[in-house]
Structure formats: C-alpha cells, structure tokens
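Inside the fold
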Amino acid sequence: MDVHTQEEKRKCICLTRNVSSSFMNALNGFAQHAEDGKEAEEINVEKAIQEHEEYTNQLSKNENVKEVVRLSAQDKYPDCMFIEDTAVIARGVCVIVRPGAPTRQGEEEEVRRFVSDNLMSPNLNPAVVHELHTMSEHDEGATCEGGDVMVTNTHMFVGISSRTNMKGFLFLKKVFEKTGIKVCDVQFGDGCLHLKSVITWGGDDLGFFASNTTEGHKAWEIIQDHLSNDICGDAQKDTAAQKDAQGGDVTFTREWFHANVLRIGNKLYHTETEEKEAKIVNKDKKEVTDDAVSGNPIKEKCLENGVEAIFINNNEAKKADGALTCCSIVIHTT
C-alpha cells in the first residue's frame, strides 16, 4: 500500500474549541520576541473568531474528517482556543496533560470530560479512546503542553520547554511506550514556545518542516539523530520506522510560524505566503538546493508529492504564539 493510500484511509475526528471573548488577554511572550524585538500587536478578537471559523470550515471539508467538534469557550481562559495543549492522544490512548502556564491550568477539564463521555462510550465499537490518563493525578510536578509533542508513524518527540518539563516527558514515555511507540525528548533551546513552533511532520512523503532558526536546526538535528540511531541499532525495525528515518527530508522555512503545518489525509494546511529564501535538506544533512524553492517551498514540496496545499490565515492566533496545530486535536479513528 503506497503512502497516499495509507493517508487517504485514515479517518479522524478534529476536536476544536471556540475563541474566548477574553482572547485579547492571551499569553504572547514569544510572539513579540520573534519579530526582531517588536512589541506584540494587539489582538483583534472579532478577526480571531473569523479566522478560527474559516479554520474549522476547512477541516470540515476534508474527506478524511468524520466530524469537527467545537467545544465552548470559557472567558476565564483566554488561551483556550489552543486546545492542542490540553491533551496528547495517540494509538487509542489519551493523556490529559497539566499545562505549564499557570493561567492555563484548568482548560484541560473540558477536554477530559468530552473524551470520557464521548470517545470512550460503550456504544462505540471500537471505542476511539480505550485508555485515559490524567497527568496531574499521577505527578503534580509534571507539566506538558501538546504543542511540545510531535507524533510520527513510530515516534513521539517531546520538546523540553518552559511549558513541558522532564517529569511530563517521563510520564508520556511511561504511558505511550506500552503502545509500541518510541518516545524521545528534544531539548531544543528556549527561544520559542513549543517544539511544534519550529518543527512539524508532514507525513512519510513530505517529511519534516522546520524553521530556519537556531531552534529549528537544533530540533531537526536531535530528531534526525534519534531516527538514525534507532534504525542503526536495530536491523529488525519495521518498514514504517525505516520510512521515518530514511525518508526524513526536511524543508526549512524562513519564518518560524511557517514551519507549523497540519497534515490530514492528502491535504496539508499551512500559513506560508510567498518567500524568497528556503532550502531543503536531505537525511544526510546535506543541502539539496541552495535558494531551493523560490516562492513558496511548502507548496512546491506538496506539488512534488501530489499533496494538496491549503493556505489558512491565522494572523490573530500568531499574535498569541499560536499556530495551526494549536487549534485542534486530530484523533484518528482508523
């Protein structure tokens, strides 16, 4: 079965959350530093609502999305639209995490209730989630935000950041390695909010997308080392693992927020407009092209591999350190 056929068969539920009316008070410490020290722009809540509406509409049009669930917002949680940070779900297992930002702790309760009441129902055959863990009940000192967790076919990469600590990583490792997935920590620096602020995975055919920043390059090097070491250390690794490591090309983008892409089926959602500089680096860390793809490297990469690239404007979310993956939890049902 080829890569496209595999992706096209994977159905999912997209869990989202509405924009809070207090979104103008969302945390934004990294957004203002990322733009050459410029002061953070004021958030326009009405525009944020419009952009989020378009985001959910685009997801609902995807033939691989069975349902887009929209949980209600709570004004006491300005950042609650960024639902990805509240849970990690993979291979039928869900961990409700404890966000590292104190003002965000409590957002996860609504997600926990939805998962428990709707995805573990005995009426579902099989249940979408068959195992549920709450991080705070096991280790009050553990923190994690889903934006630090990137999952490929065989690996779960967990960024160690200001929001996700080693205790949080170790809890995820304990839970998810029982499912057969390899859980690896990525200590990529403190110049950005989350791991997926600077690197995401676009699937076997597209590889990784990383920002052309110190943190983006460091994260890619660590991830590539993990993948290469796993293959070299075990000749019996399965085909999926070999694809992860050997097909692991990376496309570097100039702006940090362009590196965050969302792959569902044969569609890749991105925020990249035309760019003058980008480069594609292969698995041997050698630059393939110098001035690689003028214009839009993400669209070019998709075009080369028969994947549809869909632009989504998330300008208001970006002002609060948000990106595309932040605004949904993609839960695979098949």
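Structure shown above.
Residues numbered from 1 in each chain as written. Predicted model: local features only at pLDDT ≥ 70, side-chain atom pairs only at ≥ 80, totals over all residues. Heavy atoms only, no water.

Quick word on the side chain of Thr143
Looking at the element boundaries, Thr143 is found in the loop between helix H5 (135-138) and strand E6 (149-151). Since its relative accessible area comes to 11%, Thr143 is described here as buried. Polar side-chain contacts of Thr143 include one of 3.1 Å to the backbone oxygen of Arg163. Other than its neighbours up to four places away in sequence, Thr143 contacts Arg98, Pro99, Gly100, Met135, Arg163, Thr164, Asn165 and Gly168. (Helix = DSSP H or I, 4+ residues; strand = E, 2+ residues; numbered from the N terminus. Buried < 20%, exposed > 50% of the residue type's maximum accessible area, 1.4 Å probe, protein only. Polar contact = N/O pair within 3.5 Å; in protein donor to acceptor, adjacent residues only side chain to side chain. Contact = heavy atoms within 4.5 Å.)

Let's talk about the nonpolar core
Core analysis: the largest hydrophobic core is formed by 25 residues, its most contacted members being Phe23, Phe82, Ile264 and Tyr269. Broken down by secondary-structure element, the contributors of at least two residues to this core are strand E1 (12-17), helix H3 (45-60) and strand E12 (262-264). When residues no more than four places from it in sequence are discounted, the contact partners of Tyr269 are Gln58, Leu59, Asn62, Val261, Leu262, Ile264, Ile310, Ile312 and Leu324. Judged by nonpolar contacts, the second largest core, of 19 residues, contains Val97, Ile160, Leu172 and Val183. (Core = buried A, V, L, I, M, F, W, Y, C linked by side-chain atoms within 4.5 Å.)

Some thoughts on helix H4 (residues 108-119)
With twelve residues, H4 extends 15 Å between its outermost C-alpha atoms, agreeing within 8% with the 16 Å of an ideal straight helix rising 1.5 Å per residue. The set of residues buried in H4 consists of Glu108, Val111, Phe114, Val115 and Leu119. Buried residues of H4 fall within an arc of 120 degrees about the axis and therefore sit on the same side. In this fold, the buried residues of H4 make contact with E1, strand E2 (65-71), strand E3 (87-90), strand E4 (93-96), strand E5 (131-134) and strand E16 (329-332). (Expected span 1.5 Å × (residues − 1). Arc of directions from axis to C-beta.)

Side note on unusual backbone geometry
Positive phi, normally seen in glycine, also occurs at Arg91, with a value near 55 degrees. Here Arg91 shows up in the loop between E3 and E4. Arg91 gets classed as partly exposed once you look at its relative accessible area, which sits at 39%. The backbone of Asp321 sits at a positive phi, close to 70 degrees, despite the residue not being glycine. When you line up the elements, Asp321 lands in the loop between helix H10 (315-318) and E16. Using a relative accessible area of 6% as the deciding quantity, one classes Asp321 as buried.

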